[in-house]
Amino acid sequence: MTHQFWDSVFSSERSLKALEMIDAEIPQKSIQYSYSLLGEIKNKKLLEIGCGSGYQTIKFCLDGAHVTAIDISKESVEATKALCEKSNIQNVEVKQMAAEKLQFKDNTFDKIYINKVLLHTDKNKVIQECLRCLKKDGIIVFT
């Protein structure tokens, strides 16, 4: 009777408050953990796939990476460029590009970071392209 348990959880105001806290905290903890998996990024060539609003792009740049940030959305690319300009970030290149067809040479990046993009793409093509663009001993981190 699993549904009875979940019915009781979602019908309790106390439980709902706890779930709201968990829903807010867990994504933040997972993002922080994903950053730790990248290891040292200072002076590394990092590809960020799905730059969104640009806040992670800024974080990677401030941590010393040479960042190439891409997104399929023109609006996202413009927002990221504007945020980088406003933040006086120099070590970044932002491009509109599909993750399934990366326009980079083989063995270009030390690190590739993908946050919540794979669910919107052809995962196999994206991973294949990432492996092609990744340097030997490079690392891909995705959430």
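Residues numbered from 1 in each chain as written. Predicted model: local features only at pLDDT ≥ 70, side-chain atom pairs only at ≥ 80, totals over all residues. Heavy atoms only, no water.

*Asks:* Even after reading the chapter, I still don't get the side chain of Thr80, so can you show me in this structure?
*Replies:* With respect to the helices and strands, Thr80 occurs in helix α4 (residues 74-86). With residues near it in sequence (within four places) discarded, Thr80 still touches Cys51, Gly52, Ser53, Gly54, Thr57 and Val94. (Helix = DSSP H or I, 4+ residues; strand = E, 2+ residues; numbered from the N terminus. Contact = heavy atoms within 4.5 Å.)

*Asks:* Looking at this structure, I do not really get the packing of helix α3 (residues 55-62) against α4. What am I missing?
*Replies:* In the contact formed by α3 and α4, the axes pass within 9 Å of each other and the chain directions differ by 40°. Taken together, α3 and α4 sit at an angle that is classed as oblique. Crossing angle aside, the handedness with which α3 passes α4 is right-handed. On α4, the residues touching Tyr55, Thr57 and Ile58 of α3 are Thr80, Leu83 and Cys84. Split by residue class, the contact of α3 with α4 holds 4 nonpolar, 2 polar and no charged. (Axes fitted to C-alpha atoms, helices over the stretch in contact; angles between N-to-C directions. Parallel < 35°, antiparallel > 145°, perpendicular 65-115°, else oblique. Left-handed = near helix turned anticlockwise from the far one by under 90°. Nonpolar A, V, L, I, M, F, W, Y, C, P; charged D, E, K, R; others polar.)

*Asks:* What should I look at first to understand the nonpolar core in this one?
*Replies:* Counting 19 residues, the largest nonpolar core has Leu38, Ile41, Leu46, Phe60, Val67 and Tyr113 as the members making the most contacts within it. Among the elements of the structure, α2 (13-38), α3, β2 (66-71) and α4 are those that each provide at least two residues to this core. In this structure, Phe60 is in contact with Tyr35, Leu38, Ile41, Leu46, Glu48, Ala65, Val67 and Tyr113, ignoring residues within four places of it in sequence. Core analysis: the next-biggest nonpolar cluster, separate from the first, contains 16 residues, Leu47, Ile114, Leu118 and Cys130 among them. (Core = buried A, V, L, I, M, F, W, Y, C linked by side-chain atoms within 4.5 Å. Buried < 20%, exposed > 50% of the residue type's maximum accessible area, 1.4 Å probe, protein only.)

*Asks:* What is the right way to look at the pattern of salt bridges in this model?
*Replies:* Side chains that differ in charge, positive against negative, can pair when their charged atoms come close. Enumeration over the complete set of coordinates arrives at 5 salt bridges. In this structure, the salt-bridge partner of Lys59 is Asp63, at a minimum N-O distance of 2.3 Å. The class for Asp63 is partly exposed, based on a relative accessible area of 35%. Across the pair Arg132 and Glu129 runs a salt bridge, and its minimum N-O distance is 3.0 Å. Note that Arg132 and Glu129 are positioned in helix α5 (residues 123-133) at a spacing of 3 residues, about one turn of the helix. (Salt bridge = Lys/Arg side-chain N within 4 Å of Asp/Glu carboxyl O.)

*Asks:* Help me understand the layout of surface pockets, please; the structure alone is not making it clear to me.
*Replies:* Empty pockets left among the atoms are what a rolling probe the size of a water molecule brings to light. In this structure, the largest pocket spans a volume of roughly 190 Å³. Lining the largest pocket are 14 residues, and of these Gly50, Asp71, Ile72, Val117 and Thr121 sit closest to its centre. By residue class, the composition of the lining of the largest pocket is 7 nonpolar, 4 polar and 3 charged. (1 Å grid on protein atoms, 1.4 Å probe; cavity = no way out; pocket = protein on both sides within 12 Å on 5 of 7 lines; lining within 4 Å. Points joined across faces, edges and corners; volume = space filled by probe spheres on them.)

*Asks:* Is there a simple way to explain the sheet that holds strand β5 (residues 134-142) in this structure?
*Replies:* What links the strands of a sheet is backbone hydrogen bonding, and the strands pair in either a parallel or an antiparallel sense. Spatially, the 5 strands line up as an open sheet ordered β3-β2-β1-β4-β5, and their pairing is parallel. Edge positions in the sheet fall to β3 (92-96) and β5, since each has one partner strand and no second. When the angles between neighbouring strand axes are averaged without regard to direction, this sheet yields 20°. By the bridge criterion, 4 bridges tie strand β1 (residues 45-49) to strand β4 (residues 109-114) in an arrangement that is parallel. Of the residues in β4, the one forming a bridge with Leu46 is Lys111. Across the sheet, α4 is in contact with β2 and β3; its angle to β3 comes to roughly 165°. (Pairing = 2+ DSSP bridges.)

*Asks:* Explain α5 to me, please; I cannot follow it from the model alone.
*Replies:* Note: α-helices contain 3.6 residues per turn, so residues at a spacing of three or four share the same orientation. Among all positions of α5, only Val126, Glu129, Cys130 and Cys133 are buried. The arc enclosing the buried residues of α5, seen along the axis, measures out at 100°, which places them on a common side. In α5, the exposed residues that point more than 90 degrees away from the buried face are Asn124, Gln128 and Leu131. Along its buried surface, α5 packs onto β1, β4 and β5. (Arc of directions from axis to C-beta.)

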